[in-house]
Amino acid sequence: MTTTLAAGQIGTGRNARWALAALGIGAFGIGLTEFVIMGLLVEVAQSLSVSVPSAGLLISGYALGVTFGGPLLTLATARLPHRNVILSLMAIFILANILCAVAPSYGLLMLGRVISGFAHGTFFGVGTVVAQSLVPPERKASAIALVFTGLTLATVLGLPFGTELGQALGWRATFWSVSGIGLLALVASALSLPAGTRSETPANWRSLARLLRGAPLLALATTTLGYAGVFLVFTYIAPILTGISGVSSAHVSRYLLLFGAGIVVGNILGGRLADRGLRPALVGTLAGLAAVILAMRLGMGNPFAAAISLFLFGVAAFSTLAPLQSFMLSRSEGASAELASTLNISAFNLANAIGAAIGGSAIAAGWGLGSLFPLGAVMPVLAVLLTLATFRSRERS
């Protein structure tokens with residue numbers, strides 16, 4: 001699961017920082033296209049003469065593209081140099097978002113969303129492997145966190161900006177702007193990424209089968225369980241704020257900015273903790289996430305406490321990203337690192353679907369919004385238990 005690099009390809013630390021920045025720009029654009037549709041569902045539905053629930057399926061289509069298309073695209077590009085893969089992915093991303101921008105029908109818009117989801121999964125899968133190759137061994141998890149910083153900034157800054165742009169100039173303008181960000185990432189990647197990196201163990205169907213059993217499968221289950229708790233609560237955060245915390249619907253976006261500030265802090269924190277020790281970082285961040293979600297049952301009781309709770313929720317949620325990604329890579333020895341990383345991105349998206357479904361079922365059953373917090377806390381607790389069992393079984397073998 002190693003990555004080869006011709007001597008002198010990385011060069012100075014400054015060159016590595018430019019390359020990491022290019023990957024971060026790509027992550028920002030990809031994160032923006034994933035989330036921004038949430039704020040434009042009404043405009044899209046009216047423009048294409050479909051219902052809002054039908055427009056909401058554009059989110060599901062994207063997630064399915066990530067979950068299933070990412071691994072397939074990783075297999076298809078397995079023998080290409082990493083730089084070529086990243087450049088090809090950004091080209092696909094640009095074309096997919098241009099298709100979204102000009103789509104005359106709902107079907108073509110859905111097609112563009114699914115294709116851009118393909119690029120998402122493989123970009124983060126290959127991008128995190130490239131990021132690790134650019135830094136010394138003791139900074140690998142921090143390099144992963146730097147790539148994910150683009151994703152966090154897309155949530156904090158890109159989502160409100162893209163929504164306002166789409167509401168002011170039409171939703172197609174947002175997709176044109178995302179295409180422009182993709183073009184910037186393509187140029188930056190072409191100028192800064194080293195040309196000599198490629199996997200010594202290219203992804204293939206045998207590698208995929210190897211990653212879907214044993215320790216790698218347990219690592220994927222850990223990611224899915226841990227992050228399902230995040231989406232179980234966050235999917236319904238707007239009604240929680242208005243129904244439990246007493247926040248005006250006009251002020252919900254301000255509270256989400258506090259969550260966004262927390263995820264920036266948590267993303268950096270998680271990378272640094274994982275560099276110091278993967279096991280304590282993984283167990284600690286997942287346990288911390290469970291504790292924060294459970295405490296939110298009381299902490300969301302009034303607007304002031306809700307503001308603090310949302311910031312801490314953001315810190316706890318995103319502090320798990322780098323440890324979970326590093327955990328998957330550490331459990332995939334002998335298999336393709338790129339495919340392992342891509343599968344873990346698929347696990348995050350599967351967690352999105354599972355968490356939202358469990359939360360929706362609890363609400364539909366009449367359990368109330370308050371039930372989401374203990375249910376959400378159970379998920380990372382199960383992930384902690386699975387993590388400990390995985391480490392214990394590895395020590396015995």
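Residues numbered from 1 in each chain as written. Predicted model: local features only at pLDDT ≥ 70, side-chain atom pairs only at ≥ 80, totals over all residues. Heavy atoms only, no water.

Undergrad: What should I look at first to understand the packing of helix H5 (residues 106–133) against helix H15 (residues 337–364) in this one?
TA: Packed helix pairs are characterised by how far apart their axes lie and by the angle those axes make with each other. Contact pair H5 / H15: the axes reach a minimum separation of 7 Å and the direction vectors enclose 130 degrees. Classified by the interaxial angle, the pair formed by H5 and H15 is oblique. Along this stretch, H5 crosses H15, giving a crossing that reads as right-handed. Judged by residue contacts, His-120, Gly-121, Thr-122, Phe-124, Gly-125, Val-126, Thr-128 and Val-129 of H5 engage Ala-337, Glu-338, Ser-341, Thr-342, Ile-345 and Asn-349 from H15. Per-class residue counts for the contact of H5 with H15 are 5 nonpolar, 8 polar and 1 charged. (Axes fitted to C-alpha atoms, helices over the stretch in contact; angles between N-to-C directions. Helix = DSSP H or I, 4+ residues; strand = E, 2+ residues; numbered from the N terminus. Parallel < 35°, antiparallel > 145°, perpendicular 65-115°, else oblique. Left-handed = near helix turned anticlockwise from the far one by under 90°. Contact = heavy atoms within 4.5 Å. Nonpolar A, V, L, I, M, F, W, Y, C, P; charged D, E, K, R; others polar.)

Undergrad: Honestly, the nonpolar core in this entry has me stumped. Any pointers?
TA: Nonpolar side chains tend toward joint burial in soluble globular proteins. By size, the foremost hydrophobic cluster in this structure holds 114 residues, and its most contacted members are Phe-123, Phe-124, Tyr-227, Leu-241, Met-300 and Phe-313. Considering each element in turn, this core owes the most residues, 10 residues, to H15. Those residues within four positions of Met-300 in sequence are excluded, and the remaining contacts are Ile-237, Ile-240, Leu-241, Ile-244, Ser-245, Ala-306, Ser-309, Leu-310 and Phe-373. (Core = buried A, V, L, I, M, F, W, Y, C linked by side-chain atoms within 4.5 Å. Buried < 20%, exposed > 50% of the residue type's maximum accessible area, 1.4 Å probe, protein only.)

Undergrad: What am I meant to see in the confidence of the model for the protein here?
TA: Any residue range with low pLDDT should be treated as having predicted coordinates unsuitable for detailed reading. Across the protein, the average pLDDT comes to 85, with 93% of residues at 70 or higher. The least confident element of the protein is strand S1 (residues 3–4), whose mean pLDDT is 42; the most confident is helix H12 (residues 278–299), at 95. In this model, residues 1–12 is a region of pLDDT below 50 whose contacts with residues beyond four sequence positions or in other chains number 32 contacts. (pLDDT = per-residue confidence, 0-100.)

Undergrad: Hey, could you run me through the environment of Leu-40 in this one?
TA: With respect to the element layout, Leu-40 can be found in the loop between helix H1 (13–35) and helix H2 (41–48). Note on Leu-40: relative accessible area 0%, which makes it buried. Between the C-alpha atom of Leu-40 and that of Ala-195, which follows or precedes it by 155 residues, the distance is 39 Å.

Undergrad: Would you mind going over helix H9 (residues 214–234) with me for this structure?
TA: Helical geometry note: an α-helix holds 3.6 residues per turn, so side chains three or four residues apart project in the same direction. For H9, spanning 21 residues, the distance from its first C-alpha to its last is 31 Å, which sits close to the expected 30 Å at 1.5 Å a residue. Where H9 bends most, at Ala-228, the angle is about 25 degrees. (Expected span 1.5 Å × (residues − 1). Bend = angle between axes of the 7 residues up to and from the residue.)

Undergrad: What exactly am I supposed to notice about the packing of H9 against H15 here?
TA: At their nearest, the axes of H9 and H15 sit 7 Å apart, and the two run at 40 degrees to each other. In terms of orientation, H9 and H15 fall into the oblique class. Between H9 and H15 lies a crossing of right-handed hand. Across the interface between the two elements, Ala-219, Leu-220, Thr-223, Thr-224, Tyr-227, Ala-228, Phe-231 and Leu-232 of H9 pack against Leu-343, Asn-344, Ala-347, Phe-348, Leu-350, Ala-351, Asn-352, Ile-354, Gly-355, Ala-356, Ile-358 and Gly-359 of H15. When its residues are assigned to classes, the contact of H9 with H15 shows 14 nonpolar, 6 polar and no charged.

Undergrad: Explain the side chain of Thr-222 here, please?
TA: With respect to the helices and strands, Thr-222 occurs in helix H9. What makes Thr-222 buried here is its relative accessible area of 0%. Reaching out from Thr-222, the side chain makes a polar contact with the backbone oxygen of Leu-218 at a distance of 2.9 Å. Ignoring sequence-local partners within four residues, the contact set of Thr-222 consists of Leu-286, Leu-324, Phe-327, Ala-383, Leu-386 and Thr-387. (Polar contact = N/O pair within 3.5 Å; in protein donor to acceptor, adjacent residues only side chain to side chain.)

Undergrad: Even after reading the chapter, I still don't get the packing of aromatic side chains, so can you show me in this structure?
TA: Aromatic ring pairs: the centre-centre distance and the angle between the two ring planes describe each pair. Evaluated as defined, the whole model comprises 8 aromatic pairs. With 6.0 Å between their ring centres and 90 degrees between their planes, Trp-171 and Phe-175 make a pair best called edge-to-face. One end of the pair, Trp-171, and the other, Phe-175, are both in helix H7 (residues 171–192), 4 residues apart, so they sit about a helical turn from each other. Taking the relative accessible area as the measure of exposure, Trp-171 reaches 4% and is therefore buried. Look at Phe-175 and you get buried, because its relative accessible area is 1%. (Phe/Tyr/Trp six-rings, centres within 6.5 Å; stacked < 30°, edge-to-face > 60°.)

Undergrad: Would you take a moment to explain helix H14 (residues 321–330) for this structure?
TA: Judged by how many residues are buried, H14 sits mostly within the fold: 9 of 10 residues are covered. Residues Leu-321, Ala-322, Pro-323, Leu-324, Gln-325, Ser-326, Phe-327, Met-328 and Leu-329 constitute the buried set of H14.

Undergrad: What am I meant to see in unusual backbone geometry here?
TA: Leaving glycine aside, a negative phi is the common case for residues, and trans is the common case for peptide bonds. Of note, the phi angle at Ser-49 is positive, near 60 degrees, even though the residue is not glycine. Among the secondary structure elements, Ser-49 is positioned in the loop between H2 and helix H3 (52–76). By relative accessible area, Ser-49 is classed as exposed at 68%.

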